[in-house]
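# Summary of the model geometry
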Amino acid sequence: VNLIRVAFFGDSLTYGTTSSTVTDTYPYYVNQKLPSNSIVNNVSTGGLTMEQITNNIETYNYLTDDINVIWGGTNSTPTIEDHITQTNTAISKLQSDKYIIIGLFNKGYTEDRDAQFATTYGNKFLSIRDYFTSKGYTYTDYLLSDTVHISEEGKKIVAQAVYEKLQSLKYINN
């Protein structure tokens, strides 16, 4: 049986808001949906900028040979052009062309940023705000009081969005 390996790179939205538990993350909930021959690596750290996420990708490059999920830009909130350039640099460090780029959720989010990311990354881009809206959720209901981080229920919704994207891209078959 071939292993499915998924590496998650990001900031605290991926790492989780409490370092005491691995279950405080959307990658944990994605892992719950994946087949038993899957290995999930969450190599994220709170507070990272997009450049630091790219450094993590370089450091953990041996994990990037299958499926990769990148969610960054919240902490530095670069201009749209810089964000795309930084994301392209991160993608160039991956060993695989199987990846998903998640759009900003709240801080730094604009419709224009999402539109330009959709144009740049096509079906490999996941507009997380659009996903919430399309499912009838009001995204602000899933923000913590700091207005940046996502509640436990919100993480489950993000996980479902990522899982559906993994299926639609045919990265996984179940």
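Refer to the structure above for everything that follows.
This report concerns the structure included in the present document. Here the residue numbers are simple positions, counted from 1 along each chain's written sequence. Local features in a predicted model are, by the rule used here, given only for residues with pLDDT of at least 70; side-chain atom pairs are given and counted only at 80 or more, and totals for whole chains, interfaces and linings are based on all residues. Side-chain measures were taken over the full set of non-hydrogen atoms in the model, leaving aside hydrogen atoms and water.

### With respect to helix α2 (residues 26–33)
Which entries qualify depends on this criterion: Here's how the labels work: a residue is buried when its accessible area is under 20% of the maximum for its type, exposed when over 50%, partly exposed in between, all with a 1.4 Å probe on protein chains only. Runs of H or I in DSSP of at least four residues are treated as helices and runs of E of at least two as strands, each being numbered from the N terminus. Within this analysis, the arc is defined by the directions that extend from the helix axis to the C-beta atoms. Two N or O atoms count as a polar contact when they lie within 3.5 Å, although within protein this holds only if one can serve as hydrogen donor and the other as acceptor, and sequence-adjacent residues are included solely when both atoms are side-chain atoms.
Those residues of α2 lying buried are Y26, P27, Y29 and V30. What you see down the axis of α2 is that its buried residues fit within an arc of 160°, all on one side. Of the residues flanking the start of α2, the one acting as N-cap is T25, its side-chain oxygen 3.0 Å from the backbone nitrogen of Y28.

### Thoughts on the side chain of S38
Under the convention used in this document: Contact criterion: two residues are considered in contact whenever any of their non-hydrogen atoms come within 4.5 Å of each other.
Summarising the element assignment, S38 is placed in strand β2 (residues 38–42). On the basis of relative accessible area, S38 is assigned to the buried category, the value being 13%. Looking at S38, its side chain comes within polar contact range of the main-chain oxygen of P35, at 2.8 Å. Once residues within four sequence positions are removed from consideration, S38 is found in contact with I4 and N31.

### Describing the packing of aromatic side chains
Test applied: Pairing of aromatic rings covers Phe, Tyr and the six-membered ring of Trp, with a centre-to-centre limit of 6.5 Å; geometry is then stacked below 30 degrees between planes, edge-to-face above 60, and tilted otherwise.
Per the stated rule, a full pass over the model turns up eleven aromatic pairs. Seen in terms of ring centroids, F8 and Y26 are 5.5 Å apart; in terms of plane orientation they differ by 85°. Their pairing is edge-to-face. Here F8, found in strand β1 (residues 4–10), pairs with Y26, found in helix α2; they are 18 residues apart in sequence, far enough to count as distant. With respect to class, F8 is no different from Y26; both count as buried. Ring centres of Y26 and W71 lie 5.5 Å apart, and the angle between their planes is 70°; this geometry places the pair in the edge-to-face category.

### Examining the pattern of salt bridges
Let me state the cut-off plainly: When a carboxyl oxygen of Asp or Glu lies within 4 Å of a side-chain nitrogen of Lys or Arg, that pair is called a salt bridge.
One pass over the structure, following the stated rule, counts three salt bridges. A salt bridge links D65 to R5, with the shortest nitrogen-to-oxygen separation between them at 2.9 Å. Taken together, the positions of D65 in the loop between α3 (50–59) and β3 (67–71) and R5 in strand β1 put the pair 60 residues apart, joining distant regions of the chain. The exposure class assigned to D65 is partly exposed, which follows from its relative accessible area of 35%.

### Things to note about the nonpolar core
Note the cut-off: Here, nonpolar core refers to any group of buried Ala, Val, Leu, Ile, Met, Phe, Trp, Tyr and Cys residues whose side-chain atoms link them within 4.5 Å.
Counting 32 residues, the largest nonpolar core has Y26, W71, I100, I102, I128, V162 and L166 as the members making the most contacts within it. When contributions to this core are tallied by element, the ones reaching two or more residues are β1, α2, β3, β4 (98–102), α6 (128–134) and α7 (152–168). It is α7 that contributes the most residues to this core, seven residues altogether. With near-sequence residues (within four places) excluded, Y26 lies in contact with F8, L13, T14, V69, W71, I102, K155, V158, A159 and V162. Formed by 19 residues, the second largest nonpolar core is a distinct cluster that contains F9, I53, L94 and F117.

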